[in-house]
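Given next are the chains, with one letter for each unit.
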Amino acid sequence: MPLFGQIEGGRHMTYQQAEKKGEQLLQEAGIADAKIDAWLLMEMVAKIDRSFYFMHMNDDVEPEVLTEYECVLEKRSEHVPLQYITGEQEFMGMTFKVNSNVLIPRQDTETLVEEALKVIEPQMEVLDLCTGSGCILLSILKNAPTVRGTGSDVSKQALLVAKENAKLHDLDAEWVRSNLFDNVSGPFDVIVSNPPYIAQAELLTLMPEVGQFEPVQALDGGVDGLDFYRRITEEAPQYLKNNGYLFFEIGYDQGRAVHQLMLDAGFSDVAVIKDLAGNDRVVKGQIR
(Lines give C-alpha, C1' and ligand atoms only; values in the text may rest on other atoms or scores of the structure.)
Protein backbone atom coordinates (compact mmCIF):
# COMPACT_ATOMS: atom_id res chain seq x y z
CA MET A 1 0.00 0.00 0.00
CA PRO A 2 1.69 3.24 -1.07
CA LEU A 3 2.23 5.76 1.71
CA PHE A 4 0.57 8.42 -0.38
CA GLY A 5 -2.53 6.33 -1.07
CA GLN A 6 -4.55 7.26 -4.11
CA ILE A 7 -4.89 10.76 -5.48
CA GLU A 8 -8.11 11.47 -7.33
CA GLY A 9 -8.45 7.86 -8.39
CA GLY A 10 -4.95 7.53 -9.84
CA ARG A 11 -1.27 7.62 -9.04
CA HIS A 12 -0.85 11.28 -9.93
CA MET A 13 0.68 13.89 -7.67
CA THR A 14 2.40 17.21 -8.32
CA TYR A 15 5.77 18.13 -6.87
CA GLN A 16 4.08 20.48 -4.45
CA GLN A 17 1.52 17.88 -3.37
CA ALA A 18 4.22 15.27 -2.91
CA GLU A 19 6.45 17.50 -0.83
CA LYS A 20 3.57 18.65 1.38
CA LYS A 21 2.44 15.07 1.86
CA GLY A 22 6.00 14.06 2.68
CA GLU A 23 6.23 16.80 5.28
CA GLN A 24 2.93 15.66 6.81
CA LEU A 25 4.07 12.04 7.00
CA LEU A 26 7.32 12.98 8.69
CA GLN A 27 5.56 15.28 11.16
CA GLU A 28 3.21 12.44 12.10
CA ALA A 29 6.25 10.23 12.68
CA GLY A 30 7.72 12.79 15.08
CA ILE A 31 10.58 13.96 12.86
CA ALA A 32 11.78 17.30 14.20
CA ASP A 33 12.83 18.87 10.90
CA ALA A 34 10.01 17.39 8.84
CA LYS A 35 9.79 20.25 6.35
CA ILE A 36 13.52 20.39 5.67
CA ASP A 37 13.88 16.61 5.45
CA ALA A 38 10.89 16.24 3.12
CA TRP A 39 12.47 18.73 0.74
CA LEU A 40 15.98 17.22 0.91
CA LEU A 41 14.60 13.77 0.14
CA MET A 42 12.57 15.16 -2.76
CA GLU A 43 15.67 16.96 -4.03
CA MET A 44 17.64 13.72 -3.88
CA VAL A 45 15.21 11.33 -5.58
CA ALA A 46 13.90 13.78 -8.20
CA LYS A 47 17.38 15.26 -8.84
CA ILE A 48 16.00 18.79 -8.78
CA ASP A 49 16.90 22.08 -7.10
CA ARG A 50 14.74 24.86 -5.69
CA SER A 51 14.67 26.76 -8.97
CA PHE A 52 13.27 23.76 -10.84
CA TYR A 53 10.78 23.10 -8.06
CA PHE A 54 9.32 26.61 -8.11
CA MET A 55 9.02 26.54 -11.89
CA HIS A 56 7.45 23.06 -11.98
CA MET A 57 5.69 22.65 -8.62
CA ASN A 58 2.35 22.04 -10.35
CA ASP A 59 3.76 19.42 -12.74
CA ASP A 60 3.15 15.75 -12.03
CA VAL A 61 5.98 13.79 -10.46
CA GLU A 62 7.08 10.85 -12.58
CA PRO A 63 5.62 7.60 -11.15
CA GLU A 64 9.02 5.98 -10.54
CA VAL A 65 10.23 9.11 -8.72
CA LEU A 66 7.09 9.13 -6.60
CA THR A 67 7.65 5.48 -5.69
CA GLU A 68 11.24 6.16 -4.68
CA TYR A 69 10.15 9.21 -2.69
CA GLU A 70 7.69 7.06 -0.77
CA CYS A 71 10.46 4.57 -0.06
CA VAL A 72 12.88 7.12 1.42
CA LEU A 73 10.09 8.81 3.37
CA GLU A 74 9.25 5.47 4.95
CA LYS A 75 12.86 5.03 6.03
CA ARG A 76 13.00 8.53 7.50
CA SER A 77 9.65 7.94 9.24
CA GLU A 78 11.33 5.02 11.00
CA HIS A 79 13.97 7.51 12.23
CA VAL A 80 16.75 6.29 9.97
CA PRO A 81 19.06 9.33 9.95
CA LEU A 82 18.66 11.55 6.91
CA GLN A 83 22.41 11.34 6.24
CA TYR A 84 22.33 7.54 6.04
CA ILE A 85 19.57 7.84 3.44
CA THR A 86 21.26 10.51 1.34
CA GLY A 87 24.67 8.95 1.96
CA GLU A 88 26.45 12.21 2.72
CA GLN A 89 27.00 15.02 5.20
CA GLU A 90 28.66 18.43 5.02
CA PHE A 91 31.56 19.14 7.39
CA MET A 92 34.10 21.98 7.32
CA GLY A 93 32.78 23.02 3.91
CA MET A 94 33.40 19.56 2.47
CA THR A 95 31.01 16.74 1.56
CA PHE A 96 31.70 13.39 3.21
CA LYS A 97 30.21 10.03 2.36
CA VAL A 98 28.63 8.29 5.33
CA ASN A 99 26.84 5.05 6.09
CA SER A 100 25.79 3.12 9.18
CA ASN A 101 29.38 2.02 9.82
CA VAL A 102 30.46 5.53 10.86
CA LEU A 103 29.18 8.34 13.03
CA ILE A 104 27.59 11.21 11.16
CA PRO A 105 29.93 14.25 11.21
CA ARG A 106 28.54 17.04 13.37
CA GLN A 107 29.14 20.76 13.37
CA ASP A 108 30.30 20.61 17.01
CA THR A 109 33.32 18.60 15.87
CA GLU A 110 34.48 21.45 13.63
CA THR A 111 35.74 23.10 16.83
CA LEU A 112 38.23 20.22 17.22
CA VAL A 113 39.55 20.71 13.68
CA GLU A 114 39.76 24.49 14.04
CA GLU A 115 41.69 24.28 17.32
CA ALA A 116 44.13 21.71 15.94
CA LEU A 117 44.78 23.84 12.87
CA LYS A 118 45.92 26.68 15.13
CA VAL A 119 49.03 24.73 16.16
CA ILE A 120 49.65 22.62 13.04
CA GLU A 121 52.61 23.74 10.96
CA PRO A 122 53.91 22.60 7.54
CA GLN A 123 55.38 19.08 7.36
CA MET A 124 53.93 18.04 10.73
CA GLU A 125 52.68 14.50 11.27
CA VAL A 126 49.13 14.14 12.58
CA LEU A 127 47.35 11.07 13.97
CA ASP A 128 43.55 10.85 14.12
CA LEU A 129 42.44 8.14 16.55
CA CYS A 130 38.93 6.70 16.07
CA THR A 131 38.85 8.32 12.64
CA GLY A 132 35.46 6.96 11.51
CA SER A 133 34.52 8.68 8.25
CA GLY A 134 37.89 10.41 8.23
CA CYS A 135 36.26 13.83 8.34
CA ILE A 136 38.56 15.24 11.04
CA LEU A 137 41.85 14.14 9.49
CA LEU A 138 40.82 14.93 5.92
CA SER A 139 39.61 18.40 6.92
CA ILE A 140 43.00 19.03 8.51
CA LEU A 141 44.83 17.80 5.40
CA LYS A 142 42.64 19.94 3.16
CA ASN A 143 43.52 23.04 5.16
CA ALA A 144 47.17 22.13 5.77
CA PRO A 145 48.28 20.50 2.50
CA THR A 146 51.88 19.67 3.48
CA VAL A 147 50.91 17.80 6.63
CA ARG A 148 51.25 14.01 6.71
CA GLY A 149 48.25 12.28 8.22
CA THR A 150 47.41 8.86 9.67
CA GLY A 151 43.88 7.75 10.50
CA SER A 152 43.29 4.84 12.87
CA ASP A 153 40.10 2.94 13.64
CA VAL A 154 39.25 -0.47 15.04
CA SER A 155 36.48 -0.88 12.44
CA LYS A 156 37.45 -2.24 9.03
CA GLN A 157 34.16 -0.95 7.60
CA ALA A 158 34.79 2.55 8.94
CA LEU A 159 38.21 2.64 7.31
CA LEU A 160 36.65 1.74 3.96
CA VAL A 161 34.46 4.84 4.29
CA ALA A 162 37.46 6.97 5.26
CA LYS A 163 39.45 5.73 2.26
CA GLU A 164 36.51 6.52 -0.02
CA ASN A 165 36.36 10.05 1.38
CA ALA A 166 40.10 10.52 0.89
CA LYS A 167 39.71 9.50 -2.74
CA LEU A 168 36.70 11.79 -3.14
CA HIS A 169 38.76 14.78 -2.01
CA ASP A 170 42.02 13.67 -3.65
CA LEU A 171 43.86 13.62 -0.33
CA ASP A 172 46.62 11.23 0.72
CA ALA A 173 46.62 9.65 4.18
CA GLU A 174 47.71 6.42 5.79
CA TRP A 175 44.89 4.32 7.20
CA VAL A 176 45.57 1.80 9.96
CA ARG A 177 43.20 -0.71 11.49
CA SER A 178 44.05 -0.54 15.16
CA ASN A 179 42.52 -0.59 18.62
CA LEU A 180 43.77 2.89 19.52
CA PHE A 181 47.60 2.73 19.53
CA ASP A 182 48.01 -1.05 19.16
CA ASN A 183 49.12 -1.02 15.50
CA VAL A 184 50.22 2.62 15.27
CA SER A 185 53.82 3.74 14.79
CA GLY A 186 54.84 7.21 15.93
CA PRO A 187 55.93 9.67 16.90
CA PHE A 188 53.51 12.43 15.88
CA ASP A 189 53.43 16.18 16.29
CA VAL A 190 49.69 16.24 16.91
CA ILE A 191 47.15 13.62 17.95
CA VAL A 192 43.44 14.39 17.55
CA SER A 193 40.58 12.17 18.65
CA ASN A 194 36.82 12.18 18.88
CA PRO A 195 36.53 8.90 20.81
CA PRO A 196 33.39 7.15 22.05
CA TYR A 197 32.31 9.17 25.09
CA ILE A 198 28.68 8.35 25.90
CA ALA A 199 28.22 6.82 29.36
CA GLN A 200 26.58 3.40 29.10
CA ALA A 201 23.51 4.41 31.12
CA GLU A 202 22.89 7.25 28.68
CA LEU A 203 22.96 5.07 25.58
CA LEU A 204 19.33 4.06 26.13
CA THR A 205 18.24 7.70 26.41
CA LEU A 206 19.67 8.86 23.08
CA MET A 207 17.32 10.02 20.33
CA PRO A 208 16.34 7.11 18.03
CA GLU A 209 18.41 8.42 15.12
CA VAL A 210 21.54 8.06 17.25
CA GLY A 211 20.82 5.21 19.66
CA GLN A 212 19.20 2.87 17.15
CA PHE A 213 21.16 3.56 13.99
CA GLU A 214 24.63 5.01 14.62
CA PRO A 215 27.31 2.41 15.48
CA VAL A 216 27.27 1.72 19.23
CA GLN A 217 30.98 0.88 19.07
CA ALA A 218 31.60 4.53 18.21
CA LEU A 219 29.37 5.79 21.04
CA ASP A 220 29.99 3.59 24.11
CA GLY A 221 32.56 5.23 26.36
CA GLY A 222 32.16 2.81 29.26
CA VAL A 223 30.38 3.20 32.56
CA ASP A 224 31.24 6.88 33.01
CA GLY A 225 32.03 7.71 29.37
CA LEU A 226 35.72 8.24 30.11
CA ASP A 227 37.28 4.86 29.24
CA PHE A 228 38.89 6.01 25.99
CA TYR A 229 40.17 9.27 27.47
CA ARG A 230 41.93 7.31 30.22
CA ARG A 231 43.70 4.99 27.85
CA ILE A 232 44.60 7.63 25.27
CA THR A 233 45.97 10.14 27.80
CA GLU A 234 48.03 7.39 29.44
CA GLU A 235 49.54 6.10 26.18
CA ALA A 236 49.69 9.23 24.02
CA PRO A 237 52.96 10.60 25.49
CA GLN A 238 54.78 7.57 24.04
CA TYR A 239 53.54 8.52 20.56
CA LEU A 240 54.07 12.27 20.69
CA LYS A 241 57.21 14.19 19.84
CA ASN A 242 58.62 16.67 22.33
CA ASN A 243 56.22 19.62 22.52
CA GLY A 244 53.56 17.54 20.75
CA TYR A 245 49.87 18.23 21.21
CA LEU A 246 46.86 16.09 22.11
CA PHE A 247 43.37 17.32 21.20
CA PHE A 248 40.11 15.65 22.29
CA GLU A 249 36.50 16.26 21.50
CA ILE A 250 34.47 15.79 24.67
CA GLY A 251 30.89 15.69 25.85
CA TYR A 252 29.50 18.96 27.21
CA ASP A 253 29.88 17.80 30.84
CA GLN A 254 33.30 16.12 30.60
CA GLY A 255 35.63 19.12 30.49
CA ARG A 256 36.75 19.03 34.12
CA ALA A 257 37.31 15.26 34.17
CA VAL A 258 39.31 15.11 30.93
CA HIS A 259 41.27 18.21 31.93
CA GLN A 260 42.37 16.39 35.10
CA LEU A 261 43.20 13.18 33.23
CA MET A 262 45.55 15.11 30.94
CA LEU A 263 47.23 16.86 33.86
CA ASP A 264 47.71 13.52 35.62
CA ALA A 265 49.29 12.09 32.44
CA GLY A 266 51.91 14.86 32.39
CA PHE A 267 50.41 17.28 29.86
CA SER A 268 50.95 21.00 30.34
CA ASP A 269 49.04 24.06 29.17
CA VAL A 270 45.86 22.00 29.37
CA ALA A 271 42.81 23.99 28.33
CA VAL A 272 39.09 23.42 27.79
CA ILE A 273 37.58 25.15 24.74
CA LYS A 274 33.92 25.86 24.14
CA ASP A 275 32.02 25.36 20.89
CA LEU A 276 29.82 27.94 19.18
CA ALA A 277 26.90 26.97 21.42
CA GLY A 278 28.95 27.77 24.51
CA ASN A 279 29.41 24.15 25.62
CA ASP A 280 32.74 22.61 26.61
CA ARG A 281 33.79 20.76 23.46
CA VAL A 282 37.58 20.38 23.17
CA VAL A 283 40.37 19.71 25.64
CA LYS A 284 43.94 20.22 24.50
CA GLY A 285 47.34 19.85 26.09
CA GLN A 286 51.04 19.71 25.23
CA ILE A 287 53.67 17.17 26.25
CA ARG A 288 57.11 18.61 26.97
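Since this is a predicted model, take the numbers as computed values, not measurements.

### Comments concerning the packing of aromatic side chains
Argument step 1. According to the stated counting rule, one finds seven aromatic pairs in the structure shown.
Argument step 2. Residues tryptophan 39 and tyrosine 53 carry aromatic rings whose centres are separated by 5.5 Å and whose planes lie at 70 degrees to one another, so their mutual orientation is edge-to-face. Taken together, the residues tryptophan 39 in helix H2 (residues 34–46) and tyrosine 53 in helix H3 (residues 50–56) connect sequence positions 14 residues apart.
Argument step 3. Classification of tyrosine 53 by relative accessible area gives buried; the value is 3%.

### Comments concerning the pairing of strand E3 (residues 125–129)
Argument step 1. With four of five residues buried, E3 is to be regarded as a mostly interior element.
Argument step 2. Between E3 and its parallel partner strand E4 (residues 148–153), the chain crosses via helix H7 (residues 135–143), and the hand of that crossover is right-handed.
Argument step 3. The sheet contact formed by E3 and strand E6 (residues 188–193) spans four bridges and is parallel. Bridged to valine 126 within E6 is valine 190.

### Overview of the side chain of threonine 150
Argument step 1. Inspection of the secondary structure assignment puts threonine 150 in strand E4.
Argument step 2. Ignoring anything within four residues of it in the chain, the contact list for threonine 150 reads Val126, Leu127, Asp128, Leu137, Glu174, Val176 and Phe188.

### Description of the pairing of strand E1 (residues 88–91)
Argument step 1. As paired elements, E1 and strand E2 (residues 94–97) share four bridges and run antiparallel to each other. Paired with glutamate 90 across the two strands is threonine 95, which belongs to E2.
Argument step 2. In this antiparallel pair of consecutive strands, E1 and E2, the connection spans two residues, and methionine 92 shows a positive phi of 50 degrees.

### Comments concerning the sheet that holds E3
Within a beta sheet, neighbouring strands are joined by backbone hydrogen bonds and run either parallel or antiparallel to one another.
Argument step 1. Spatially, the seven strands line up as an open sheet ordered E5-E4-E3-E6-E7-E9-E8, and their pairing is mixed. A strand with exactly one partner marks an edge of an open sheet, and here the two such strands are strand E5 (174–177) and strand E8 (268–274). Geometrically, the sheet is characterised by an average inter-axis angle of 15 degrees between neighbouring strands, direction not taken into account.
Argument step 2. Relative to strand E7 (residues 240–249), E6 runs parallel, the two being bridged by five bridges.

### Some thoughts on the nonpolar core
Argument step 1. Tyr15, Ala18, Leu41, Met42, Ile48 and Tyr69 are the most contacted members of the largest nonpolar core, which totals 31 residues.
Argument step 2. Of all elements in the fold, only helix H1 (15–28), H2, helix H4 (63–77), helix H5 (82–86) and helix H8 (156–168) reach the threshold of two or more residues within this core.
Argument step 3. Top contributing element to this core by residue count: H2, with seven residues.
Argument step 4. Contacts of methionine 42, omitting those with residues within four sequence positions, involve Tyr15, Ala18, Glu19, Lys47, Ile48 and Tyr69.

### A word on the packing of H1 against H4
Argument step 1. In the contact formed by H1 and H4, the axes pass within 10 Å of each other and the chain directions differ by 20 degrees. It follows that H1 is roughly parallel to H4 by the angle criterion. Every pair of crossing elements has a handedness; the one defined by H1 and H4 is right-handed. Taking contact as the criterion, the partners of Ala18, Glu19, Gly22, Leu25 and Leu26 in H1 are, on H4, Leu66, Tyr69, Leu73, Arg76 and Ser77.
Argument step 2. A class-by-class count of the residues in the contact of H1 with H4 yields six nonpolar, two polar and two charged.

Basis of the calculations
- Residues numbered from 1 in each chain as written.
- Predicted model: local features only at pLDDT ≥ 70, side-chain atom pairs only at ≥ 80, totals over all residues.
- Heavy atoms only, no water.
- Phe/Tyr/Trp six-rings, centres within 6.5 Å; stacked < 30°, edge-to-face > 60°.
- Helix = DSSP H or I, 4+ residues; strand = E, 2+ residues; numbered from the N terminus.
- Buried < 20%, exposed > 50% of the residue type's maximum accessible area, 1.4 Å probe, protein only.
- Right-handed = clockwise from strand over helix to strand, strands pointing away.
- Pairing = 2+ DSSP bridges.
- Contact = heavy atoms within 4.5 Å.
- Axes fitted to C-alpha atoms, helices over the stretch in contact; angles between N-to-C directions.
- Core = buried A, V, L, I, M, F, W, Y, C linked by side-chain atoms within 4.5 Å.
- Parallel < 35°, antiparallel > 145°, perpendicular 65-115°, else oblique.
- Left-handed = near helix turned anticlockwise from the far one by under 90°.
- Nonpolar A, V, L, I, M, F, W, Y, C, P; charged D, E, K, R; others polar.

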